[in-house]
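Results of the structural survey
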Amino acid sequence: MNSPMAVLVSVRTDPVSARATRNRNDALAVSLALRLPGPADVRLVHVGTMSDTVARDYLALGAPTIDVLDPAAAPARSIVPALRDALAATPLVLTGMRADDGHGSGVLPFELAAAMGRPVVGDVIAVEPDGAGWIVTQALAKGARRRLRVAAPAVLAISAATPLPLRYAHADRMAGRISRRRLPAEAAGAEAPGSAEQRVATARRLKLLEARVIQSGHARMQAAVGSAASGGGMVISTGSPDDKARAVLHYLRRHALVNF
Amino acid sequence: MNRERSPVRRVDPRRPAIITPAGLRRIVLGSTEGDRLGAASAVHAVARPVRSAGPFTRCIAVAVHADRGTLDDHAREAVAAAALLAGPDCAVRVAVLGACHDDAAALGIDHLLAWPDFDRQAYQPERCVRWLQQLHDRWHPTAWLLPDRAADGELGRRFAVAGALGLACGVVELDARQLRVRASAREDALRPHAAVMLLARAVASTRLPFVGLGGQQTESPTDDAAGSSSLASPIEDLGLEPGDPQTLALEEADFIVAAGNGVTDVALFNALASAVGAATGASRVAVDDGRFPRAKQIGATGRTVSASGYLALGISGAVQHLQGIKDCRHVIAVNLDAAAPIARRADLTVVEDSTRLMRALLDLVQREKQGAAA
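Notes on the structure in this doc start here. (Residues numbered from 1 in each chain as written. Chains lettered and ligands numbered in written order. Predicted model: local features only at pLDDT ≥ 70, side-chain atom pairs only at ≥ 80, totals over all residues. Heavy atoms only, no water.)

All right, on to the environment of V127(A) then. Residue and element names in this part refer to chain A. Following the sequence through the fold, V127 ends up in strand β7 (residues 120-130). Between the C-alpha atom of V127 and that of R149, which follows or precedes it by 22 residues, the distance is 9.8 Å. Those residues in contact with V127 that sit more than four places away from it in its chain are L32, L36, W134, I135, V136 and L156. (Helix = DSSP H or I, 4+ residues; strand = E, 2+ residues; numbered from the N terminus. Contact = heavy atoms within 4.5 Å.)

This is the structure in structure tokens:
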């Protein structure tokens, strides 16, 4: 229970075969945790039901143990208090960015960090130990990278774009240990806010939210045909190549596409 | 390959035409003046009415990050969704992190509040959340809408968790009464509106039949010393380095220069790309001819890019290539043929030989850089 880091893992149901497998983002988080220097005392935690197959799939990454905590209460209850109690003594908690089942909202790292009173950093692709804390590299849009020094304890959400290989070793799969525990009923949290929802089959064609405008037939035809009044933009055909190059550079500068 | 001028004169089927003051369409053979497309320019923009002049008892709020002084398409869709959901007594208030030079009324905004000196490079999520909480206490909106992508999605999640507000992420369909989220691979969930809703792409149409009031204000959130010092200790910002365009994946690049059939001088093209700080791509013809590797192909079979700027040199703009640049924001096309299909897609078309324009642009860029350095 006093391992230096824990990784939260989830179950993914394959959309085509409906088979339960491991989540790739969580597997990347596990691989990243296993690569951190120090004792390989990485503890995988799952709250909910997880079959042995999926648990062994996660152990095949090289992790020694996985704890499956079964909440006794209804699945609609929030799992954050149970996780908070289970991980209170762990300085570093890693998660993926979002799960595949259960809405996949990606809000668990933030909820858990708020419940535990820890800072949370998302989109992490690299972690290096720095004394008691860590230096994490965040992957931002357009290939930018930001480095942050995070003090212990912390929650890190690992990005799905982490450049790590995922291994699958049969020996580790067999040697790993699955420990199953049942959580006490009062450990569950409040009703999850999604309980007022209604489940329906997936809709492929979605209805766009738009204004209902009463138009003449001609106007509706023009809109459907896509008369593209703004199509084409500006055309420059006269002038020397230098003038045209100046026009191009002026356009790039006006829209801040270049930075000089 | 350089196509010589064939002896048969190529007639442009869409000759440029102007609309005379009498309303008749007039084509002058041989002239380049006028609009090349059909009756499009005859449809003038009708003045759109104001959605609601007030009095407002409620409001619906939107929070977005500005992208280089303007709101991009995803942000505009979130604003349009707010405008469409708002009733006659509900105001549309938008909080923008960054400067915003857009026309607020045209986007359907009643009150726009911008934070002009917001520094995108600094790591300050708690400060943004505190600002949103101040606005929440000031405005009491019925709902907050944010686009569900990188910085805005994280801000929405943090804000909802910090304020213990109901949250719906990745909303794919929105109605006056309910919303739809993807619950799992096989199921969707329909639920009533949440206090904070993060919208996916293409939830609302940005073509609004009305305008907003368009009030604009700026504000710099005051940073109380107690709040900032207590949160300064756990996380320290060590700096941000922007991505190197040459080593980046094409899908992530921000500015792309692409070569097509009309580009023969590959060394000049690469020199221009590195001078301008852009990633390089190519169309299928250039890749098939062996001038570029297959990994650089952009199009339906190649990569789909979503850059902010795309400079297409010597690309005719076949449909398959246009599929690859569907999400690009600003497209500049350089082509000898003004009737090429890419002219319809491009925001700026330059009718010029690609090699000559590349040389002129490279000289200009190098002169500007030297002038700036000196």
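Moving on, there is more to tell.
Further remarks concern the nonpolar core. One finds V96(B), L174(B), M197(B) and L199(B) to be the most contacted residues of the largest nonpolar core, which totals 41 residues. Of all elements in the fold, only β3 (58-65), α1 (73-85), β4 (90-97), β5 (111-115), β7 (167-174), β8 (178-182) and β10 (196-199) of chain B reach the threshold of two or more residues within this core. Of the residues forming this core, the biggest block, 8 residues, is contributed by α1(B). Beyond its immediate sequence surroundings of up to four residues, L199(B) is in contact with H74(B), A78(B), A81(B), L145(B), L146(B), P147(B), D148(B), V171(B) and L174(B). Listed in part, the 38 residues of the second largest apolar core include V30(A), L32(A), V136(A) and L164(A). (Core = buried A, V, L, I, M, F, W, Y, C linked by side-chain atoms within 4.5 Å. Buried < 20%, exposed > 50% of the residue type's maximum accessible area, 1.4 Å probe, protein only.)

So, on to the pattern of salt bridges. One pass over the structure, following the stated rule, counts 38 salt bridges over all chains. The partner of E197(A) in a salt bridge is R199(A), with the nearest N and O atoms 3.1 Å apart. Note that E219(B) and R138(B) form a salt bridge whose closest N and O atoms lie 3.1 Å from each other. You can see E219(B) sitting in the loop between β11 (215-218) and α4 (225-232) and its partner R138(B) sitting in helix α2 (residues 125-139), a full 81 residues away along the chain. By relative accessible area, which is 16% here, E219(B) ends up buried. Overall, R138(B) belongs to the partly exposed group, its relative accessible area being 45%. Each of K142(A), D67(B), R68(B), D254(B) and R329(B) takes part in a single network of salt bridges with overlapping partners. (Salt bridge = Lys/Arg side-chain N within 4 Å of Asp/Glu carboxyl O.)

What follows is about the packing of helix α5 (residues 266-276) of chain B against helix α9 (residues 354-373) of chain B. Residues and elements named next belong to chain B. One way to put it is that α5 packs onto α9 with a least axis distance of 10 Å and a crossing angle of 35°. Between α5 and α9 lies a crossing whose hand is left-handed. For the pair α5 and α9, the contacting residues are L268, F269, A271, L272, A275 and V276 in the first and T355, M358, R359, L361, L362, V365 and K369 in the second. (Axes fitted to C-alpha atoms, helices over the stretch in contact; angles between N-to-C directions. Left-handed = near helix turned anticlockwise from the far one by under 90°.)

Taken together, the contacts link 77 residues of chain A with 79 residues of chain B. Taking both sides of the interface into account, the surface hidden between chain A and chain B amounts to around 6800 Å²; carbon and sulfur atoms contribute 60%. Seen at the junction of chain A and chain B, the total is 5 salt bridges. Among the ionic pairs, E236(B) bridges to R149(A), the shortest N-O distance being 3.1 Å. (Buried area = accessible area lost by both parts, 1.4 Å probe.)

Sheet strands pair via backbone hydrogen bonds, and the direction of the pair is either parallel or antiparallel. Pairing is parallel across the open sheet formed by 6 strands, whose spatial order is β13(A)-β17(B)-β16(B)-β15(B)-β13(B)-β14(B). Of all the strands in the sheet, the pair left with one neighbour each is β13 (234-236) of chain A together with β14 (279-282) of chain B. Between one strand axis and the next, the sheet turns through 20° on average, direction left out of account. Here strand β13 (residues 255-259) of chain B runs beside strand β15 (residues 309-313) of chain B; their pairing, made up of 5 bridges, is parallel. Of the residues in β15(B), the one forming a bridge with V257(B) is L311(B). The strands touched by helix α7 (residues 241-254) of chain A are β13 of chain A together with β13, β16 (330-335) and β17 (348-351) of chain B; relative to β17(B), the strand with the most contacts, the crossing angle is about 165°. (Pairing = 2+ DSSP bridges.)

This paragraph deals with the packing of aromatic side chains. Applying the stated rule across the entire model yields 5 aromatic pairs over all chains. On the basis of an interplanar angle of 75° and a centroid distance of 5.4 Å, the ring pair of W144(B) and F159(B) is categorised as edge-to-face. In this pair, W144(B) sits in strand β6 (residues 144-147) while F159(B) sits in helix α3 (residues 150-163), placing the two residues 15 residues apart along the sequence. The interplanar angle of 80° and the centroid separation of 5.4 Å between the aromatic rings of F269(B) and F292(B) together place this pair among those described as edge-to-face. Residue F269(B) is found in helix α5, and its partner F292(B) is found in the loop between α6 (284-288) and β15; the two are separated by 23 residues along the sequence. Of the residues examined, F269(B) reaches a relative accessible area of 0% and is grouped as buried. Exposure remark for F292(B): the relative accessible area of 7% places this residue in the buried category. Put simply, the rings of W115(B), F118(B) and W131(B) touch in pairs and so form one group of aromatic residues. Residue placement shows K369(B) over the ring face of F260(A); its charged tip is 5.2 Å from the ring centre. (Phe/Tyr/Trp six-rings, centres within 6.5 Å; stacked < 30°, edge-to-face > 60°. Lys NZ or Arg CZ within 6 Å of the ring centre and 35° of its normal.)

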